[in-house]
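Observations on the three-dimensional arrangement
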Amino acid sequence: MKRSGLEAGLLATVLSVATAGCVYFNAMYDAGQAYDAGMTALQEEQDQLARQQFDSVIAKAGRIVGNHPGSKYADDAAFLKTRAELHNKLWESAFTSADYARQLSKRSRDSALAAGLKGIAAVQLERLLLGDSLLSSALAADLAADDRATILFHRGLARLQLDRPAQAAEDLEDAARQIDLTREARLELARALLQIGDYERSVAVTAELLRMDEFGQLSEAGLAHVDTLAHLAPESLDASLEELLQEEGMRPARRSLLQLLRGRALEDLADYAAALAVLDSSASAGATSRWAPQASLLASQIRLRTATDPDQVSGTVPDLERATRAGDLATRETAIPLASSAARFRDYTQAWRDRGASAAEAALRGAELAGTELGSPAVARGLYLKYLELAPDSPWTAKAIYGALAYADYRPGNWVRDEGDVTDARLVARLDALPQGDPYRQAITGTASDSWADSAFVLAEADLEDRITEIRMLFDTTVVRVRRDSLPDEAPVPAADSVAADEPAEREVEF
């Protein structure tokens, strides 16, 4: 049957609308499928795949919203686009898209959800007061359980940053009761509980976080949090970590991490023997993991701090050298100078032991290294006392006495004679017996009254550097001695450790 022109036009319009509706439906279906795939990838920790899927959602849903805002699918597309942008951390775009979703919303519940999504973006954009207001407005509505939990969590984050830790902890715990929090979310909850002083619950949430970490991949923020717990609640943290370590069949990297964290807690409990045992185990259990060098460094620092014998200091060299090869910059920056100082200390110790009084100044330099660079006060005191035994009438007697008295609260081992207060009294008497013009005595007591006294101190230090250089030449072939008498009168005397190997040298060493 032949149709009129009007009928044909109407039919074409109907077909066009039907076809467009089918196209919108298909586009919306594809966007929904991509969103579900992105969420699955997130749960499986395939972050790159998740980002690709959410990018696809943004593109597909964006075309519906942008080209056909009057479509019945436009509001759903706007919500999908906003959620995908939040997942991909496109905060500005999500903030704008949430506004548009709110305009397109046909129900008050959808409008409230849009406000909540906008509030999440606002918090990430550090518009905290606005974010808190929007999120609170959304929570006043009847939201789906998952959306309510997500919005509660982000309001908790906002309130944590607004310095309202009690309210933050309440929101975060409420969210945790409704959904299974991610590791990052659990960390924020643990931090909030820590800030309000609820250490026990913070430890419990932290233990849950560590139990979820199958591969031993705790973030730097997580490490900082556990460090704080180790200071504030070491007993509870140690007990939780000890329980976690009872699990069988865990990966070496995870065991190494847990032992490293337990070592930190035991250090704060001053149980150094136990701390060293678990730290040494951490270094060997995960020898190829990122935690082994950190465990080696912490163990070395404890050994240095508690050392009473020079051999204990020298013994840290291998572990410190391992720590210098750490993957993280902070560990390397701490380990490199310690390893260098410990190696030099070892050489100086060997020098005075092998040659006695003829290399006595090696003990004096070792004392300085132990005290100021290695953090070994008991060994520093012992070496100052040892130097006074080896060279009782040296030009640097006052320097050694002052050094020994500076560490009067520490006691070395039996390798040197130290009777505590009795020894200190003898040192003070010996100091009083020195000439009033002794350059070290004048410099430390502030009695120098003219430039000559200052010059005498500088010359005494320069002579000591010369002597140390001579000793270093015994075990370090790269060290040379500069002839000070060949330098201009006003020229400073270079420190022994900074002399270049190609400068003129005098290699004769007399003892």
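Parameters at a glance
Residues numbered from 1 in each chain as written. Predicted model: local features only at pLDDT ≥ 70, side-chain atom pairs only at ≥ 80, totals over all residues. Heavy atoms only, no water. Helix = DSSP H or I, 4+ residues; strand = E, 2+ residues; numbered from the N terminus. Buried < 20%, exposed > 50% of the residue type's maximum accessible area, 1.4 Å probe, protein only. Areas by Shrake-Rupley, 256 points an atom, 1.4 Å probe, with all protein chains shown as cover. Salt bridge = Lys/Arg side-chain N within 4 Å of Asp/Glu carboxyl O. Expected span 1.5 Å × (residues − 1). Contact = heavy atoms within 4.5 Å. pLDDT = per-residue confidence, 0-100. Axes fitted to C-alpha atoms, helices over the stretch in contact; angles between N-to-C directions. Left-handed = near helix turned anticlockwise from the far one by under 90°. Nonpolar A, V, L, I, M, F, W, Y, C, P; charged D, E, K, R; others polar. Parallel < 35°, antiparallel > 145°, perpendicular 65-115°, else oblique.

**Digging into the overall build of the chain**
Helix and strand content of the chain: 24 helices and zero strands. Counting only residues that meet the buried cut, the chain has 48% of its 511 residues in that class. Carbon and sulfur atoms provide 51% of the accessible area of the chain, an area that totals close to 25300 Å².

**A word on the pattern of salt bridges**
Taken as a whole and assessed by the stated rule, the structure comprises 40 salt bridges. Here Asp132 and Arg159 are joined by a salt bridge, their closest N and O atoms 2.8 Å apart. Residue Asp132 is located in helix 6 (residues 128–139), and its partner Arg159 is located in helix 7 (residues 145–161); the two are separated by 27 residues in the primary sequence. Each member of the pair Asp132 and Arg159 is classed as buried. Linked by salt bridges that have partners in common, Asp132, Arg155, Arg159, Arg164 and Asp171 make up one network.

**Thoughts on helix 6**
With 12 residues, helix 6 extends 16 Å from end C-alpha to end C-alpha; this agrees with the ideal 16 Å at 1.5 Å per step. If you check which residues of helix 6 are buried, you get Leu128, Gly131, Asp132, Leu134, Leu135, Ala138 and Leu139. Contact partners of the buried residues in helix 6: helix 4 (91–104), helix 5 (108–124) and helix 7.

**A word on the confidence of the model for the chain**
Across the chain, the average pLDDT comes to 86, with 86% of residues at 70 or higher. Contacts of residues 1–6 to residues separated by more than four positions or lying in other chains number two contacts, the stretch itself having pLDDT below 50. Per-residue pLDDT stays below 50 along residues 486–511; that stretch engages in 42 contacts with residues further than four places along the chain or on separate chains.

**Looking at the packing of helix 11 (residues 220–232) against helix 13 (residues 252–268)**
Each pair of packed helices can be summarised by the angle the axes make with each other and by the distance between the axes. The interhelical angle for the contact between helix 11 and helix 13, taken along N-to-C directions, is 30°, at an axis separation of 8 Å. For the crossing formed where helix 11 meets helix 13, the hand is right-handed. For the pair formed by helix 11 and helix 13, the contact residues are Leu223, Val226, Asp227, Ala230 and His231 on the first element and Leu257, Leu261, Arg264, Ala265 and Asp268 on the second. When the residues that make up the contact of helix 11 with helix 13 are grouped by side-chain class, the tally is six nonpolar, one polar and three charged.

**Brief notes about the packing of helix 3 (residues 74–87) against helix 5**
Interhelical geometry of helix 3 versus helix 5 gives an angle of 20° and a closest axis separation of 11 Å. Taken together, the axes of helix 3 and helix 5 are roughly parallel relative to one another. Seen along the crossing, helix 3 lies across helix 5 with a hand that is left-handed. Contacts from Phe79, Thr82, Arg83 and Leu86 in helix 3 reach Asp110, Leu113, Ala114, Leu117, Ile120 and Ala121 in helix 5. Its residues assigned to classes, the contact of helix 3 with helix 5 shows seven nonpolar, one polar and two charged.

**Examining the environment of Tyr407**
Tracing the backbone shows Tyr407 in the loop between helix 21 (397–406) and helix 22 (421–432). By relative accessible area, Tyr407 is classed as buried at 18%. In sequence terms Tyr407 and Ser376 are 31 residues apart; their C-alpha atoms lie 10.0 Å from each other. The contact partners of Tyr407, leaving out residues within four places of it in the chain, are Gly371, Thr372, Pro377, Ala380, Arg381 and Tyr384.

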